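Chain by chain, the residues:
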Amino acid sequence: MSKKFYITTPVYYVNDVPHIGHTYTTVAADVLARWHRSLGDETFFLTGTDEHGAKIAEKAREMKIEPQQYANEISSKFKEAWSELNITNDNFIRTTDEEHIKAVQKALQYMYDRSDIYLGKYEGLYCRGCEQYKSQRDLINGLCSDHQTAPEKMSEECWTFKLAKYQDELLKKIKKDELQILPLNRKNEIVSFYEKEGLEDISFSRKNISWGIPIPWDKSHTVYVWADAFLNYLTGLGWSGKAGQAPKMWPAAVQLMSKDILRVHATIWPAMLLSLNLPLPETIFVHGYFQINGQKMSKSLGNVVAPEDLVKKYGVDAARFLIMSATAFGRDGDISFAKFDEKYNADLANGLGNLVARATKLIEKNGLELKLKVGSDKKLIEKYSKNMQSFRFDEALKSLWQKLKEADEALSEKKPWKLDLLASSGQAKIKKILKPIAQDILNVADLLKPFMPTVAEKIITQFSHKQIKKGEPLFPRI
Ligand SMILES: [Zn+2]
């Protein structure tokens, strides 16, 4: 039976060009979207860019261009990167899209009309980098831990969202997994945040920041960037801002993100949905960070890895594979080009690539005709699916490579090249050895499609011909 599967990445903030962090989330979302499409599920995959806020206005001013022009340029860099990585998003939402802006205003008006938004005053320490007020415990030696800058003391009149009102209901839903947060340690962090600190009402507007969506009933304020950004998950489906009316694909089956934005996604975002009488997402999945050679990736260290660096060096499919197999999806990982090179040579050039070359060469040389069937290894499919279902991409890939390893060993042990083709039943004997190996390769290729779509199709096409022929090397050695 086909199911609905709606998956989102965060909208990426255009203060920065795409790097491996964005790439990780987006490729993972693409892998899941492709897998669900292959299962016949009705699938929608949304990504996009977050374009409002003081920081964007500031960057544009530095470059002496309009904020919209600045946002256009960076947003198109994200689009290019995703197209280069063969990402199959069904929509690319921009928070400066006119339809999005209208829907945000309509939604906030509704929340205001039902008295979930009131005129309050906010005093606090504000980090410009985060565009967030910070509590003392968010700071290290008085500095924002993400930006190493001292937040500014600010006090202002602002339109305030009654976040505290939703504390009990949200905590209950999170505990009962009605809003599931994965991995479990992340859920525990959030539950403990609710229980120990709890929700407080939050500023939902800013004065004096013109690069934002005007509050519909008070044009001297613009909408707080997070409130604006969250609604993309609905407007990206064509939602017009009407409370109580979820778009067809809502709720999201999976919302992927990195850990730095979990807290807001597990508090403000679902509270907004409750205020708008809309269902909560089913699952929030939080993946870890990559360190580069044991160091945090940062511009000042000059170790930022861009998606195009990976594609240039390894090719699209191999880049996708290397990212997804680097570490368990919910954990932090350490990557380096040296490790990627090693893995590329071991698993792709020597592993998959070499096995395909050896097998096809022998099949072609002996003139074998093999009738193979895609998807014939039910045990392998079961193991793989279980891992995909639980976001264990690395394990799903390991199960495929285990299969390839067994096929490779069978080939080396049985040495079909030593058999005499012309001896009695020589060809039958050779065929008996090579057919299961070819069948394994085909089954693995079929399951590789979400990760390496082009290479997988190449192998499937090659092994689906009546007469299988050796082709170009799939992965030239590095
Ligand atoms: Zn900060």
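Going along each chain's sequence as written, the residues are numbered from 1 onward. Under the rules for a predicted model, residues below a pLDDT of 70 receive no local features and side-chain atom pairs below 80 are neither given nor counted, while totals for whole chains, interfaces and linings still include all residues. Each side-chain value is derived from all of the structure's non-hydrogen atoms; neither hydrogens nor water enter the calculation.

### Some thoughts on the pairing of strand S15 (residues 283-287)
Each regular strand carries side chains that alternate between the two faces of the sheet. Only protein chains enter the accessibility calculation, which uses a 1.4 Å probe. A residue is then buried if its area is under 20% of the maximum for its type, exposed if over 50%, and partly exposed in between. Starting at the N terminus, helices and strands are each numbered in turn, a helix being any DSSP run of H or I of at least four residues and a strand any DSSP run of E of at least two. Among the five residues in S15, five count as buried, and that is most of the element. Burial along S15 is two-sided: Thr283, Phe285 and His287 and Ile284 and Val286, pointing in opposite directions, are all buried. For strand S9 (residues 180-182) and S15, the ladder comprises three bridges, and the chain directions are parallel. Residue pairing for S15: Leu182 is matched across the bridge by Phe285. Pairs of strands are assigned from DSSP output, requiring at least two bridges between the strands. Two strands pair when backbone bridges link them, and strand S14 (residues 254-258) and S15 are joined in this way by five bridges, in the parallel orientation. Its bridge partner being in S15, Ser258 is matched across the sheet by His287.

### With respect to the packing of aromatic side chains
Any two rings among Phe, Tyr and Trp, with Trp reduced to its six-membered ring, count as a pair given centres within 6.5 Å; such a pair is stacked if its planes are under 30 degrees apart, edge-to-face if over 60, and tilted if neither. A complete count under the given rule lists 27 aromatic pairs for this structure. Each ring, one from Tyr233 and one from Trp269, has its centre 5.4 Å from the other, and the planes form 55°; the classification is tilted. Taken together, the residues Tyr233 in helix H8 (residues 232-235) and Trp269 in helix H10 (residues 268-275) connect sequence positions 36 residues apart. Judged by its relative accessible area of 2%, Tyr233 is buried. Above the plane of the ring of Tyr126 lies Arg206, whose end atom (NZ or CZ) is 4.4 Å from the centre. Over the ring of Phe193 we find Arg263; its NZ or CZ atom is 3.9 Å from the centre of that ring. In this scheme, Lys NZ or Arg CZ marks a charge over a ring once it lies within 6 Å of the ring centre and within 35 degrees of the ring normal.

### Topic: the pattern of salt bridges
Just to be clear on terms, a salt bridge is a Lys or Arg side-chain nitrogen sitting within 4 Å of an Asp or Glu carboxyl oxygen. Enumeration according to the criterion identifies 31 salt bridges in this entry. Across the pair Asp177 and Lys187 runs a salt bridge, and its minimum N-O distance is 3.0 Å. Of the two residues, Asp177 sits in the loop between helix H5 (167-175) and S9 while Lys187 sits in helix H6 (residues 184-196), which places them 10 residues apart along the sequence. On the basis of relative accessible area, Asp177 is assigned to the partly exposed category, the value being 35%. Asp394 is paired through a salt bridge with Arg392; the nearest N and O atoms lie 3.1 Å apart. The buried category is assigned to Asp394, whose relative accessible area is 9%. Put simply, Arg392, Asp394, Glu395 and Lys398 are held in one network by salt bridges that share partners.

### Thoughts on helix H15 (residues 393-414)
The span expected for a helix works out to 1.5 Å for each residue beyond the first. Between the first and last C-alpha of H15 there are 32 Å, a value that for 22 residues agrees with the 32 Å anticipated at 1.5 Å per step. Among all positions in H15, only Phe393, Asp394, Ala396, Leu397, Ser399, Leu400, Trp401, Lys403, Leu404, Ala407 and Leu411 are buried. Two residues form a contact once any of their heavy atoms are found within 4.5 Å. For H15, the elements touching its buried residues are helix H1 (20-38), helix H12 (316-325), helix H13 (337-365), helix H14 (378-389) and helix H16 (426-448).

### Details of the domain arrangement of the chain
Per the annotation, domain bounds derive from an automatic or database assignment of domains. Its domain assignment divides the chain into domain 1 (4-287) and domain 2 (337-464). Here the C-alpha centroids of domain 1 and domain 2 sit 43 Å apart. Counting residues at the interface gives 10 residues for domain 1, matched by 11 residues for domain 2. Between domain 1 and domain 2, roughly 950 Å² of surface is buried when both sides are summed, and carbon and sulfur atoms account for 81% of that area. Summed over the shared surface of domain 1 and domain 2, the number is zero salt bridges. Identification of polar contacts relies on pairs of N or O atoms within 3.5 Å, with a donor-acceptor requirement for protein atoms, meaning one able to donate a hydrogen and the other able to accept it, and with residues adjacent in sequence counted only if both atoms are side-chain atoms. Counting across the domain 1 and domain 2 interface gives zero residue pairs in polar contact (both at pLDDT 80 or more). Once two parts are put together, the accessible area they lose, assessed with a 1.4 Å probe and summed over both, is termed the buried area.

### Brief notes about the sheet that holds strand S2 (residues 42-50)
The strand order across the open sheet built from six strands is S3-S2-S1-S14-S15-S9, with neighbouring strands paired in parallel fashion. Of all strands in the sheet, those with a lone pairing partner are strand S3 (91-94) and S9, marking the two edges. Looking at each pair of strands side by side, their axes are set apart by 20° on average, direction ignored. With two bridges connecting them, strand S1 (residues 4-13) and S14 associate as parallel partners. Residue pairing for S14: Thr8 is matched across the bridge by Gln255. Structural elements are reduced to axes, namely lines fitted to C-alpha atoms, with helices fitted over the stretch in contact, and the angle between N-to-C directions of any two is expressed from 0 to 180 degrees.

### Thoughts on the sheet that holds strand S5 (residues 132-134)
With respect to topology, four strands assemble into an open sheet ordered S5-S4-S8-S10, the strand pairing being antiparallel. If you trace the sheet from one side to the other, it starts and ends with S5 and strand S10 (202-203), each paired once. The sheet contact formed by strand S8 (residues 152-161) and S10 spans two bridges and is antiparallel. The residue bridging Phe161 from the neighbouring strand is Ile202, located in S10.

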